[in-house]
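# Descriptive analysis of the structure
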Amino acid sequence: MRTMTSARLHQLHTPMTLDTIPVPKPRPNDVLVRVKACGIVPNMANVINNWPSWFPHQPLAKFPAIFGLDPAGVIEEVGEAVINAKPGDRVYVSPLRSCGSCKACRSGHRSQCRYYTLNGYFSTSTDGQRIFDLYPYGGFSEYMTAPEYALVNIPDNLSFEKAGRFGYLGTSYGALRNAGAGSGQVGLIDGITGTLGVAATVLGLAMGLSRILGTGRDLALLERVKALAPERIEVIALGERPTGEWARAQTGGDGVDFAISALGARAPVETMLDSMKGVRRGGKVVNIGGVSDALPIDMKWLMDEQIQLIGSNWFSATQGQEMADMVSTGTIDLSYLEDVTFPLERVNEAISGLKDRNGGFSNYVVCP
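A brief structural summary.

What counts, and where the lines are drawn
- Residues numbered from 1 in each chain as written.
- Predicted model: local features only at pLDDT ≥ 70, side-chain atom pairs only at ≥ 80, totals over all residues.
- Heavy atoms only, no water.
- Pairing = 2+ DSSP bridges.
- Helix = DSSP H or I, 4+ residues; strand = E, 2+ residues; numbered from the N terminus.
- Axes fitted to C-alpha atoms, helices over the stretch in contact; angles between N-to-C directions.
- Parallel < 35°, antiparallel > 145°, perpendicular 65-115°, else oblique.
- Left-handed = near helix turned anticlockwise from the far one by under 90°.
- Contact = heavy atoms within 4.5 Å.
- Nonpolar A, V, L, I, M, F, W, Y, C, P; charged D, E, K, R; others polar.
- Salt bridge = Lys/Arg side-chain N within 4 Å of Asp/Glu carboxyl O.
- Buried < 20%, exposed > 50% of the residue type's maximum accessible area, 1.4 Å probe, protein only.

### Considerations on the sheet that holds strand β11 (residues 211–216)
Read across the sheet, six strands follow the order β12-β11-β10-β13-β14-β15 without closing on themselves; strand pairing throughout is parallel. Because the sheet does not close on itself, it has two edges, and the strands there are β12 (233–237) and β15 (308–311). Mean inter-strand twist for the sheet, computed between neighbouring axes without regard to direction, equals 15 degrees. As paired elements, β11 and β12 share five bridges and run parallel to each other. Residue pairing for β12: Thr-215 is matched across the bridge by Ile-236.

Structural data, given as structure tokens:
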């Protein structure tokens with residue numbers, strides 16, 4: 001029997017241990033992937049140390065559990081019913097799992113499935129354990145199985161390390177798509193210096209936005225973001241001036257076409273409310289970060305201004321493939337990401353909530 005090394009969590013508030021377990025056999029519609037790199041979610045330490053207080057209705061997999069949200073690697077074996085994927089393919093494995101047969105899944109909206117689960121992380125549904133039972137292997141392992149529908153083929157000019165950041169890139173890309181971002185528009189990114197914010201900036205530029213306005217707290221990081229396209233990006237430090245007022249001043253009083261809230265889960269709710277005021281009549285507000293408290297909305301203002309408030313969660317494998325194709329053609333350049341790699345035996349150090357001064361320019365990955 002072939003074996004592999006996996007980092008497994010046996011209980012909350014304890015380190016992961018390196019365990020030797022059997023290499024799984026792919027089922028008919030699955031593939032076996034040799035993991036080369038797996039992106040690290042900065043929130044992983046909170047998941048392990050603060051569960052379930054942060055996410056009381058979103059279950060983890062049964063212990064011992066293998067985490068690792070954003071794996072990339074090489075297909076080693078395919079199930080007998082797999083049609084397009086083949087051994088040797090370089091792939092990013094989207095962690096989005098769903099039942100595949102409900103109305104939402106059959107219409108192409110897998111993230112709306114009642115079983116929607118982020119493999120190697122947590123489920124958004126109380127029914128998610130069924131998915132964890134089918135796919136118990138996350139990216140902190142030498143091998144993992146995955147359904148063919150979750151695969152994104154990555155080009156040779158995209159390293160496995162940078163493919164491990166596709167979860168954040170895709171979340172921002174999905175938000176931009178939900179916002180209807182396109183040529184000639186002006187977008188506001190609240191939290192532009194974070195991982196989601198920088199990703200939204202790079203993708204927004206590639207999608208033809210004429211201007212991008214952004215907010216953040218770190219002045220040095222704000223300047224780094226502006227340097228990505230000085231003629232098209234304007235930034236402001238939070239607290240310097242009301243964001244909504246500033247955004248309207250930057251657009252001749254009209255307001256931006258859309259705002260993306262890429263704030264952290266502990267950000268003050270007032271920050272998001274302020275940025276919403278900078279959106280034009282008929283514009284959109286898309287949330288991909290979350291804020292600390294419930295959002296008090298003036299529904300008459302929302303109605304009168306015809307503002308759409310959209311919650312955007314993850315992205316489709318099709319959108320992931322679109323990003324990979326943009327990398328292949330040079331439409332987007334991910335060289336801004338600074339790789340910081342850890343071997344599997346240092347996984348606990350890697351997920352310990354390491355902080356640096358590089359914000360969304362950092363790319364922390366575990367390489368089994």
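### Describing the packing of helix α5 (residues 166–179) against helix α6 (residues 195–206)
Contact pair α5 / α6: the axes reach a minimum separation of 8 Å and the direction vectors enclose 60 degrees. One finds that α5 runs oblique with respect to α6. Crossing of α5 against α6: the hand is right-handed. The segment α5 lies against α6, with Tyr-168, Leu-169, Thr-171, Ser-172, Tyr-173 and Leu-176 engaging Thr-195, Leu-196, Ala-199, Ala-200, Leu-203 and Gly-204. Taken together, the residues of the contact of α5 with α6 sort by class into eight nonpolar, four polar and no charged.

### Examining the pattern of salt bridges
Per the stated rule, a full pass over the model turns up 15 salt bridges. Among the ionic pairs, Asp-19 bridges to Arg-8, the shortest N-O distance being 2.8 Å. Remark: Arg-8 occurs in strand β1 (residues 3–8) and Asp-19 occurs in strand β2 (residues 17–22); sequence separation between them is 11 residues. What makes Asp-19 buried here is its relative accessible area of 14%.

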